[in-house]
Amino acid sequence: MPTDLSPVDDRLADALAAERTRQRETLSLIASENYASEAVLAAQGSVLTNKYAEGEPGDRYYAGCEHADEVERLARERARKLFGADHANVQPHSGTQANLAAYQALLDSGDRILSLEMSHGGHLSHGQPYTMVDEHFEVAHYGVDEATGRLDYDAVEARAAEVDPDLVVSGFSAYPRRVDWERMQGIAEAVDSYHVADIAHLTGLVAAGVHPSPVGVADLVTGSTHKTIRSGRGGMVLCGEDLAGPVDTAVMPGCQGGPLMHDVAGKAAGFAEALTPEFEAYARQVVDNAAALADRLQERGFDLVTGGTDVHFVLVDLRETHPDLTGERAEEALESVGLVANKQTVPGDDRPATVGSGLRIGTPAVTTRGFDAAATERLADAVADVLDSPDDDAVADAAAETVADLCERFPVYGDAAVASA
Ligand code: DSN
């Protein structure tokens, strides 16, 4: 059996080799991305991709599941241990699938969901237009305070009283501050509503104790498994024993069929790594690096939404300081020198999501490469130089040199590792 694609498929082999080179020779600053370990890549690229295993460990609809059972038991046990949860369903194919399962477990069609407005940092799967969530439920939104960029919990409480939701969703894609889960739970309870905390972005920080945990506070906790926690790609749902049955049924058959057992194996591998003291140190460094990035960008005159960060990214608001520079153009200019970040709307943005007036810049991936605060400050200077002069070739050349040097000093994926990727 070929372990290298080139004998059978040159085009695909070339595309994968080019992607490997891109990942090695650029810096991922996308807050939702990371570099999975060799163990996670090996598990995800394993023969479990062949196996159907609808059902739960020990209770499957297919024969031949004994090893799949062991893999899923490992992933579940490790997730429970990492998050202190009574029950973990590790089958959702993604964070979005985990959210769909949460809604299916708790709501009836037509029920009302209250979630954060997407342009303020919410997520598509929290009920934005054109999604199935918006089609099957009535969706209303709360916002952040546009002056401070922060959640105003009193205003969220007033909005909940006005909307009278059946479900309040907390947890966000572009909110750079800690979330007060207890307060959100209280807001939900006051209107007799369920509360789902979506920790998609925060899973690694929560697992390491670097961000407070909503487990045991919110009714259900959903998350993705490949972002800050750096395990196999996908999603999970965490809950108490009381909701274990409804959650499992909502995941399968409610929202999906056979679990992607190779991804479940990747989750088991990554969760084992996340249980180590090294991972806790990594998560702390992610947050320290984001703070260093925030400080340096502010010293260079940039505005950050909320004035800083408590988490793994900063959100740059270009409107006042760089009024002619859109998020889209900023993203392009950075990518041209090997800095891969993403455009983002900022609270109160007049520009559409496809353009945006902000940039989200994350530290999970560069921290996996070994970045410390000093390296992050060099990175911040390169970002600032490019954003200050996006059309200056000499500035771009200097920034590209910095990126090449940082990539060489902090390498990712040696040749042996990527051969199996
Ligand atoms: N699209 C992801 C993000 O970048 O935040 C969330 O699913």
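Please read all numbers here as calculations on a predicted model, not as lab measurements.

Colleague: Is there a simple way to think about the overall build of the protein chain in this case?
Modeller: A tally of helices and strands in the protein chain yields 16 helices and 15 strands. Taken over C-alpha atoms, the radius of gyration comes to 21 Å for the protein chain, in line with the 22 Å a tight globule of 421 residues would show. Taken across its 421 residues, the protein chain has 55% of its residues classed as buried. Relative to all contacts within the protein chain whose residues are 6 or more apart in sequence, the contacts with residues 24 or more apart total 72%. Working note: accessible area of the protein chain is about 17600 Å², and carbon and sulfur atoms make up 47% of it. Between the averaged position of the 32 positive side-chain charges in the protein chain and that of its 71 negative side-chain charges there is a distance of 4 Å.

Colleague: For this particular structure, what's the right way to read unusual backbone geometry?
Modeller: Note: most peptide bonds trans; most residues except glycine with negative phi. Across the junction of Met252 and Pro253, the peptide omega takes the value 15°, indicating a cis bond. Looking at where Pro253 falls in the secondary structure, it is placed in helix α9 (residues 244-255). Even without being glycine, Arg230 reaches a positive phi, approximately 65°. Here Arg230 is to be found in the loop between β9 (220-224) and β10 (235-239). Classification of Arg230 by relative accessible area gives buried; the value is 17%. Unlike most non-glycine residues, Thr306 shows phi in positive territory, near 75°. Note that Thr306 resides in the loop between β11 (303-304) and β12 (313-317).

Colleague: Whenever I open this one, a nonpolar patch on the surface confuses me. Can you help?
Modeller: Side chains of Leu5, Val8, Leu12 and Leu16 sit close together on the surface and give an oily, nonpolar patch of about 320 Å² of accessible area. For Val8, the location among the structural elements is in the segment before α1 (10-25).

Colleague: Explanation requested: the site of the ligand in the structure shown.
Modeller: Taken together, Ser32, His123, Ser173, His201, Lys227 and Arg360 form the complete shell of residues around the ligand. Between the ligand and Ser32 there is a distance of 2.7 Å, counted from an oxygen atom to a side-chain nitrogen or oxygen. Here an oxygen atom of the ligand and a side-chain polar atom of His123 are 2.9 Å apart. In isolation the ligand offers 230 Å² of accessible surface; the protein chains occlude 63% of this area. Looking at the shell around the ligand residue by residue, the class counts come to no nonpolar, four polar and two charged.

Colleague: Would you take a moment to explain the sheet that holds strand β5 (residues 112-116) for this structure?
Modeller: Hydrogen bonds between backbone groups are what pair the strands of a sheet, and the pairing can be parallel or antiparallel. The strand order across the open sheet formed by seven strands is β4-β10-β9-β8-β7-β5-β6, and the pairing between neighbours is mixed. Of all the strands in the sheet, the pair left with one neighbour each is β4 (87-89) and β6 (138-142). Within this sheet the neighbouring strands show an average axis-to-axis angle of 20°, counted without direction. Both β4 and β10 contribute to a ladder of three bridges, which runs antiparallel. Bridging from a neighbouring strand, Asn89 pairs with Val237 of β10.

Colleague: What should I look at first to understand the packing of helix α3 (residues 66-83) against helix α10 (residues 261-274) in this one?
Modeller: Angle between the axes and distance between the axes are the two parameters that describe a pair of packed helices. Orientation of α3 relative to α10, taken along the N-to-C sense of each, is 40°, at an axis distance of 8 Å. As summarised for this structure, α3 and α10 are arranged oblique, according to the angle between their axes. Here α3 runs over α10; the crossing is left-handed. Of the residues in α10, those in contact with Ala68, Val71, Glu72, Leu74, Ala75, Arg78, Ala79 and Leu82 of α3 are Met261, Val264, Ala265, Ala268, Ala269, Phe271, Ala272 and Ala274.

Colleague: Help me understand the side chain of His201, please; the structure alone is not making it clear to me.
Modeller: Of note, His201 is situated in the loop between β8 (194-198) and α8 (203-207). Classification of His201 as buried rests on a relative accessible area of 3%. Excluding residues that lie within four positions of it along the chain, His201 makes contacts with Ala31, Ser32, Phe172, Ser173, Lys227, Thr228, His312 and Arg360.

Colleague: Mind showing me how you'd approach the nonpolar core here?
Modeller: Most often, soluble globular proteins have nonpolar side chains that are buried together. By size, the foremost hydrophobic cluster in this structure holds 68 residues, and its most contacted members are Phe83, Tyr142, Leu151, Met184, Leu205 and Ile229. Top contributing element to this core by residue count: α10, with seven residues. Residues within four places of Met184 in sequence aside, it is in contact with Tyr142, Tyr153, Val156, Val168, Val169, Ser170, Val179 and His195. Counting residues in each nonpolar core, the second largest holds 34 residues, with Leu304, Leu318, Leu359 and Leu406 among its members.

Criteria and thresholds
Residue positions are counted from 1 within each chain, in the order its sequence is given. With pLDDT at 70 or above as the cut-off, local features in this predicted model cover only qualifying residues; side-chain atom pairs require 80 or more to be listed or tallied, and sums for whole chains, interfaces and linings still use all residues. Side-chain numbers come from the whole structure's heavy atoms, not from hydrogens or water. What counts as a helix is a DSSP run of H or I of at least four residues, what counts as a strand is a run of E of at least two, and both are numbered from the N terminus. Each radius of gyration is computed over the set of C-alpha atoms, and the globule rule expresses the reference value as 2.2 Å times the number of residues to the power 0.38. Remark: exposure states derive from per-residue accessible area (1.4 Å probe, protein chains only) relative to the maximum for the residue type, with buried under 20%, exposed over 50%, and partly exposed in between. Residues count as neighbours in contact if any of their non-hydrogen atoms are within 4.5 Å of one another. To measure how exposed things are, a 1.4 Å probe is used in the Shrake-Rupley method; for residues, cover is taken only from the protein chains shown. Counted as positive: Lys and Arg. Counted as negative: Asp and Glu, with His and the chain ends omitted from the count. Positions of charges follow a simple convention, taking NZ of Lys, CZ of Arg, CG of Asp or CD of Glu. Patch construction takes residues with relative accessible area above 30% that form no salt bridge. Like charges are linked within 9 Å, and nonpolar side chains (Val, Leu, Ile, Met, Phe, Trp, Tyr) are linked within 5 Å. The term salt bridge refers to a pairing of a side-chain nitrogen on Lys or Arg with a carboxyl oxygen on Asp or Glu at a separation within 4 Å. Distances are taken per atom, and a residue is near a molecule or strand as soon as one of its heavy atoms is within 4 Å of it. The definition of a polar contact used here is a pair of N or O atoms within 3.5 Å, where within protein one atom must be able to donate a hydrogen and the other to accept one, and adjacent residues in sequence count solely through side-chain atom pairs. Following the grouping adopted for this structure description, the nonpolar residues are Ala, Val, Leu, Ile, Met, Phe, Trp, Tyr, Cys and Pro, the charged ones are Asp, Glu, Lys and Arg, and the polar ones are all others, Gly among them. At least two bridges found by DSSP between two strands is the condition for calling them paired. In this analysis, axes come from line fits to C-alpha atoms, helices being fitted only over the stretch in contact, and the angle between any two N-to-C directions falls in the range 0 to 180 degrees. Roughly parallel means an angle under 35 degrees; roughly antiparallel, over 145; roughly perpendicular, 65 to 115; everything else is oblique. We call a crossing left-handed when the near helix sits turned anticlockwise from the far one by less than a right angle, and right-handed when that turn is clockwise. Only buried Ala, Val, Leu, Ile, Met, Phe, Trp, Tyr and Cys residues count toward a nonpolar core, and they belong to the same one when joined by side-chain atoms within 4.5 Å.

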